[in-house]
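# Descriptive analysis of the structure
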Amino acid sequence: MKKKLIVLTGAGISAESGIATFRDADGLWEGHDIMEVASPQGFKTNPALVLDFYNKRRAQLAEVEPNRAHEILAELEDHYDVTIITQNVDDLHERGGSSNIIHLHGELKKAKSSVVDSHVQECSGSIQIGDLAADGSQLRPHIVWFGEAVPLIEQAHELVTQADILLIIGTSMVVYPAAGLIHAAKPGKPIYVIDPGNPELVTDRVQFIQKTATEGLAELVPVLTVNLPT
Ligand code: OAD
């Protein structure tokens, strides 16, 4: 049976595809204060701006491609039982070929009711004011905003407890509860972190590779696959 490799990813893994990270630009995300476009209050204050912001992010997906890091994670399925827990709302892990992906913070390519969280539908185009969910409420992006519950966190936590190896890539590790998942790794199981910056590393168990996602994975994969059957 293959060992379980659980991978927690953040905005950094998509940086080399050309998608801006959140905190590498003075708290501005594509020119906006994060709370303005990623909070229920922001949506209440200016729904048109928030819808437009995510419409642009959704449209941007057509202009970007998965990078080598996304592809390498898919290739690791030859050696490991891999599950990706991503904070990203892009679809680059899917397009990079990974099979098991949990989107902790939602997905750009989905929309949902603004009253019932579980009323989710596919969304490839844009969402406008007046576009309604089946329950008659205004459609909104299927994004977990600041202050909202993270419905998949328990499932993610359970997966990390089962990990033989935990690999964390491209996240500042400051947004909870996602950042707290590192504590669910069982004692003795290796934890690798790949990030060219200075993520918040709360445990000295971490083996830190201070490189970009593509460079760090190129270095780590031979370590992870040595002596493993192909
Ligand atoms: P951040 O923007 O907070 O952190 C991005 C991380 O990626 C930083 O640690 C960078 O050093 C690193 N990085 C930059 N370039 C990289 C590269 N080429 N390869 C690897 N790493 C690189 O993004 P997240 O930690 O993902 O939530 O942010 C967490 C959450 O906060 C997001 O999911 C989002 C945001 O607000 C919501 O939208 C709800």
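Residues numbered from 1 in each chain as written. Predicted model: local features only at pLDDT ≥ 70, side-chain atom pairs only at ≥ 80, totals over all residues. Heavy atoms only, no water.

With respect to the secondary-structure elements, Thr214 resides in helix α8 (residues 213–225). When its relative accessible area of 18% is taken as the criterion, Thr214 is described as buried. With residues up to four places along the chain from it excluded, the contact list for Thr214 reads Glu16, Asn67, Arg68 and Ala69. (Helix = DSSP H or I, 4+ residues; strand = E, 2+ residues; numbered from the N terminus. Buried < 20%, exposed > 50% of the residue type's maximum accessible area, 1.4 Å probe, protein only. Contact = heavy atoms within 4.5 Å.)

This part covers the site of the ligand. Taken together, 22 residues sit near the ligand, with Arg23, Val144, Thr171, Ser172 and Asp195 positioned nearest. Contact distances for the ligand include 3.3 Å between a nitrogen atom and a side-chain N or O atom of Glu16. The separation between an oxygen atom of the ligand and a polar side-chain atom of Thr171 is 2.7 Å. Protein chains shield 94% of the accessible area of the ligand, which is 800 Å² for the free molecule. Of the residues assigned to the shell around the ligand, the class counts are 8 nonpolar, 10 polar and 4 charged. When we break the shell around the ligand down by domain, the ones giving at least three residues each are domain 1 (1–19 + 67–105 + 150–230) and domain 2 (22–63 + 108–143). (Near = heavy atom within 4 Å. Polar contact = N/O pair within 3.5 Å; in protein donor to acceptor, adjacent residues only side chain to side chain. Areas by Shrake-Rupley, 256 points an atom, 1.4 Å probe, with all protein chains shown as cover. Nonpolar A, V, L, I, M, F, W, Y, C, P; charged D, E, K, R; others polar. Domains from an automatic or database assignment.)

This part is about unusual backbone geometry. For the bond from Tyr176 to Pro177, the omega torsion is 10 degrees, close enough to zero to count as cis. Secondary-structure assignment places Pro177 in the loop between β9 (165–169) and β10 (191–194). Notably, Met173 is not glycine yet its phi reads approximately 60 degrees, a positive angle. By secondary structure assignment, the location of Met173 is in the loop between β9 and β10. With relative accessibility at 3%, the residue Met173 sits in the buried group.

Burial in helix α5 (residues 68–75) covers these residues: Ala69, His70, Ile72, Leu73 and Ala74. For α5, the secondary structure elements touched by its buried residues are β1 (4–9), α1 (12–15), β4 (81–86), α6 (92–96), β9 and α8. The N-cap residue of α5 is Asn67: its side-chain oxygen and the backbone nitrogen of Ala69 are 2.7 Å apart.

Quick look at the sheet that holds strand β6 (residues 106–113) now. Pairing in this open sheet of 3 strands is antiparallel, and the strands run β7-β6-β8 from one edge to the other. Looking at the sheet topology across the chains shown, the edges are occupied by β7 (120–122) and β8 (139–143). The sheet shows a mean angle of 45 degrees between the axes of neighbouring strands, taken without regard to direction. Sheet topology note: the β6/β8 ladder contains 5 bridges and is antiparallel. Of the residues in β8, the one forming a bridge with Gly106 is Ile143. On the sheet, helix α4 (residues 47–60) packs against β6 and β8 and is oriented at approximately 55 degrees with respect to β8. (Pairing = 2+ DSSP bridges. Axes fitted to C-alpha atoms, helices over the stretch in contact; angles between N-to-C directions.)

The subject of this paragraph is the domain arrangement of the protein chain. Examined at the domain level, the protein chain breaks down into domain 1 (1–19 + 67–105 + 150–230) and domain 2 (22–63 + 108–143). Across the boundary between the two partners, domain 1 contributes 12 residues, which contact 9 residues of domain 2. Buried surface at the junction of domain 1 and domain 2, both sides included, amounts to about 800 Å², of which 56% is carbon and sulfur. For the domain 1 face of the interface with domain 2, the top three residues by lost area are Ile19, Val89 and Asp91, together amounting to 44%. On the surface where domain 1 and domain 2 come into contact, there are 1 salt bridge. With its nearest N and O atoms 3.2 Å apart, the salt bridge here joins Lys109 to Asp91. (Buried area = accessible area lost by both parts, 1.4 Å probe. Salt bridge = Lys/Arg side-chain N within 4 Å of Asp/Glu carboxyl O.)

Here we take up the packing of aromatic side chains. In total, this model carries 3 aromatic pairs according to the counting rule given. Between the aromatic rings of Phe43 and Trp145, the centroid separation amounts to 5.2 Å while the plane-to-plane angle is 45 degrees, which identifies the pairing as tilted. One end of the pair, Phe43, is in helix α3 (residues 40–45); the other, Trp145, is in the loop between β8 and α7 (153–161), and 102 residues separate them in sequence. Taken as a pair, Phe43 and Trp145 share a single burial class, namely buried. Judged by centre distance (5.1 Å) and plane angle (90 degrees), the rings of Phe53 and Tyr54 are edge-to-face. By the burial criterion, Phe53 is buried, and Tyr54 matches it. One aromatic cluster in this structure is built from Phe43, Phe53, Tyr54 and Trp145. In this arrangement the basic side chain of Arg57 is found over the ring face of Phe53, its NZ or CZ atom lying 4.7 Å from the centre. (Phe/Tyr/Trp six-rings, centres within 6.5 Å; stacked < 30°, edge-to-face > 60°. Lys NZ or Arg CZ within 6 Å of the ring centre and 35° of its normal.)

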